[in-house]
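# Descriptive analysis of the structure
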Amino acid sequence: TQLLEQSPQFLSIQEGENLTVYCNSSSVFSSLQWYRQEPGEGPVLLVTVVTGGEVKKLKRLTFQFGDARKDSSLHITAAQTGDTGLYLCAGASYGQNFVFGPGTRLSVLP
Amino acid sequence: GEEVAQTPKHLVRGEGQKAKLYCAPIKGHSYVFWYQQVLKNEFKFLISFQNENVFDETGMPKERFSAKCLPNSPCSLEIQATKLEDSAVYFCASSQSGREWVKNIQYFGAGTRLSVL
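Before going into details, it helps to say that this report is about the structure given with it. (Residues numbered from 1 in each chain as written. Chains lettered and ligands numbered in written order. Predicted model: local features only at pLDDT ≥ 70, side-chain atom pairs only at ≥ 80, totals over all residues. Heavy atoms only, no water.)

Across soluble globular proteins, nonpolar side chains show a tendency to be buried alongside one another. With 23 residues, the main nonpolar core has Val32(B), Trp34(B), Leu77(B) and Tyr90(B) as its most contacted residues. Sorting the residues of this core by element identifies strand S3 (19-24), strand S4 (31-37), strand S5 (43-50), strand S7 (65-68), strand S8 (75-79), strand S9 (88-95) and strand S11 (112-116) of chain B as the ones contributing at least two each. Core analysis: the next-biggest nonpolar cluster, separate from the first, contains 21 residues, Val21(A), Phe29(A), Leu32(A) and Ile76(A) among them. (Core = buried A, V, L, I, M, F, W, Y, C linked by side-chain atoms within 4.5 Å. Buried < 20%, exposed > 50% of the residue type's maximum accessible area, 1.4 Å probe, protein only. Helix = DSSP H or I, 4+ residues; strand = E, 2+ residues; numbered from the N terminus.)

Take a look at the structure:
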């Protein structure tokens, strides 16, 4: 069974600070996706990474896929209150379904 | 449609009653996934469909849970004889087809909150 772990589980920071959240597994994934979920809504896809070592940037968000395709990180620069939410990583492999991590709940305080 | 539509938004059932949830995937998407989210965090995969065929049902509880995706109808997830622990938000997602489907985006609906009293 493929499992994903995320750390930290909770994170509370001041606006303007930088942060990194992690997604780790002992399994290899064909792709890994990051989502943000806000209260009362479904998750919204932020990025998909598919190549080991891949780095993708989305404005102030930087995503990295580990060389071995077992882990990933999300770095946010100069966090804003609008970044508050639950960040979920999900891994997928051919022939198997998406597996979600337990999430990191981020609070950015003004 | 342009978004995944889930109905109802909120469903309240007494323990032992039946609950039926619906999901209309985005038009043209071949894959449908059902997830259960408890305690506002953990997503548990339940079942997936490729068109009307079950693709993977390894996450479905053996008893009481069933799901269908029939042509020209919304997909459905049905829980017979609900229990307190079934209280959760149930999300549906759809995805395009393609050989490399794992790279495809899953679009999520807003979820159905099931409260079993």
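Another point: the sheet that holds strand S1 (residues 5-7) of chain A. All names here are of chain A. Across the sheet, five strands lie side by side as S1-S3-S8-S7-S6; this open sheet has antiparallel pairing. Bordering the open sheet on either side are S1 and strand S6 (55-58), each of which pairs with just one other strand. Averaged over all adjacent pairs, the angle separating strand axes in this sheet is 15°, with direction ignored. In terms of strand pairing, strand S7 (residues 61-65) meets strand S8 (residues 71-76) through five bridges, oriented antiparallel. In the strand pairing of S8, Thr62 is matched with His75. (Pairing = 2+ DSSP bridges. Axes fitted to C-alpha atoms, helices over the stretch in contact; angles between N-to-C directions.)

Tallied over the entire structure, the rule returns 14 aromatic pairs over all chains. The interplanar angle of 85° and the centroid separation of 5.5 Å between the aromatic rings of Tyr35(A) and Phe108(B) together place this pair among those described as edge-to-face. With Tyr35(A) in strand S4 (residues 31-37) and Phe108(B) in strand S10 (residues 107-108), this residue pair bridges two chains. The exposure class of Tyr35(A) is buried, given its relative accessible area of 0%. Measuring from centroid to centroid gives 4.7 Å for Phe100(A) and Phe43(B), while their planes differ by 20°, and the two rings are stacked. Of the two residues, Phe100(A) sits in strand S10 (residues 99-100) while Phe43(B) sits in strand S5, which places them in two different chains. Note on Phe43(B): relative accessible area 5%, which makes it buried. Joined through ring pairs, the aromatic side chains of Tyr35(A), Phe100(A), Tyr31(B), Phe33(B), Tyr35(B), Phe43(B), Phe45(B), Phe55(B), Phe91(B) and Phe108(B) make up one cluster. (Phe/Tyr/Trp six-rings, centres within 6.5 Å; stacked < 30°, edge-to-face > 60°.)

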